[in-house]
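# Architecture at a glance
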Amino acid sequence: MRANVKPIFIAFFVFLFRIFAIGNTLDSIPKQLHLPNVGFVFNWQTNASAFTNTFMLQAVQGGIDVNSKDNTLKRLGKHNFFVNQIEATAYDVIPLKSNSSSGIIVEFGAASFMDAAYSSSSLELIMNGNAHYKNSKKEIGTLSYRSISYQKLGVGLRKYSKNKSHCFNATIDFISGNQARDLNVNRGSIFTEENGEFVDVDLAFNYKASPEGSKLISPKGFGAALNLNWMTLFNKNKGTLSISISNIGVVNYKYTNSIRLDTSVHFTGFNLGTLNSQSVLHGFNLQDSISKNFHLDSFTSVYNFTLPTLLEFNFERVLNTNDIIQLQGTAYLYNALPMAKFAYLHKIKKQWYFGADTRVGGYGKVDFDILSRYKFKKLFIDATLRSIEGIILPQHSSGLGLLFHVGLFL
């Protein structure tokens, strides 16, 4: 699914116009806590704890070779995760004339989000097929998959303390939802008779899908989300601490196609051995195959898609005039493990910092990023190239992404 991001780029060009219109008349950044008043944020990440980059590329192209499959199976753990996320947001803070320390936040954005959590046994069954486990019971385990795309229009408030050592931001996003999908396998196992004469399947799952063909002008769902952020200066303005929680909300779909199954079946004549990584990519329709052998409960229902809520803690400390360290802790309140990050930046030129970070947990295992930060008078640019190990060693590593934030201090 792809979010409608055209309006975002229009807002981005308006933002660029404001930068060039002010030009070299900008003053230096104040020593007090001062966040960008207008800006554009682009956030993209693809990562997985098991899938390698080569495996994912071959899956998109329609064929997975043996080496890629083996390398992916070697990376499987007890809990495995996958994410593909892209989001673009333009924002502006309009100062209140009655209160110089406050401003109204207006933002507009679009997002597409897909994630999954799955057991090692479920992926092994898909990759190898059930014929690989003859005369044995193969547990499918649990599996969760969700995806959604939407546009958002947000309004909120920015409030500084009297001495500008603290800042609080709160926004409410009104969401226009496109297509959403949600699959949860709660229980599953397959027993294949040694000679393939019969198969016993025990399976319980729930699947929901909103109608297709969603557009910005004809949304399929409506929702709202709350975002909160608090930041403070400390240690003589050499450090900052921020705590934020974002995407506390849901998107409501009134007409959702739902399928529910909770049953055990003994049957012959259905070769589940064809269910593997190659057959799935070449059009094997699992839903049609199951429908012929199981009595699925299909119905239309109201569904509330819970947005991917994120709780984040950030600490930054200026060690001296040339070095900065960052610590970050993130709790994903959905399909991922908690993540911890340590970053170091060094000034290589006036106003330009360059560095790297290490991330542990989240959707991947251990990731390494390249960081860059640039300040020119009141212009601020922050960029992160994510998961460089996935670029250098795509056959054995996973991950790719870009975080880009350009802002202007007015």
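Each remark here, short or long, concerns the structure printed above.
Residues numbered from 1 in each chain as written. Predicted model: local features only at pLDDT ≥ 70, side-chain atom pairs only at ≥ 80, totals over all residues. Heavy atoms only, no water.

The nonpolar side chains of a soluble globular protein tend to be buried with one another. Among the nonpolar cores identified, the biggest contains 20 residues, and Ile148, Leu307 and Tyr363 are the most heavily contacted of them. Mapped by element, the contributors of at least two residues to this core are β2 (80–96), β3 (99–118), β5 (143–160), β6 (166–192), β9 (239–267) and β10 (297–306). When residues in this core are grouped by element, the largest group, three residues, is from β3. Aside from chain neighbours lying at most four places away, what touches Leu307 is Ile148, Tyr150, Ile175, Ala224, Ala225, Asn247, Gly249, Val250 and Val251. Within the second largest apolar cluster, 13 residues are counted, among which are Tyr133, Val185, Leu203 and Leu261. (Core = buried A, V, L, I, M, F, W, Y, C linked by side-chain atoms within 4.5 Å. Buried < 20%, exposed > 50% of the residue type's maximum accessible area, 1.4 Å probe, protein only. Helix = DSSP H or I, 4+ residues; strand = E, 2+ residues; numbered from the N terminus. Contact = heavy atoms within 4.5 Å.)

Once that is clear, we can look at the environment of Lys164. Residue placement: Lys164 occurs in the loop between β5 and β6. Note on Lys164: relative accessible area 24%, which makes it partly exposed. Put simply, Lys164 and Leu233 are 69 residues apart on the chain and 8.6 Å apart in space, counted from C-alpha to C-alpha. In this structure, Lys164 is in contact with Gln32, Leu33 and Leu233, ignoring residues within four places of it in sequence.

Excluding glycine, a negative phi dihedral is what most residues carry, and trans is how most peptide bonds are arranged. Within the chain, Asn247 stands out as a residue other than glycine whose phi angle is a positive 65 degrees. One can find Asn247 in strand β9. You can call Asn247 buried: its relative accessible area is 12%. Although it is not a glycine, Gln351 sits at a positive phi angle of roughly 70 degrees. With respect to the helices and strands, the residue Gln351 is situated in the loop between β13 (339–349) and β14 (352–361). A relative accessible area of 34% means that Gln351 is categorised as partly exposed.

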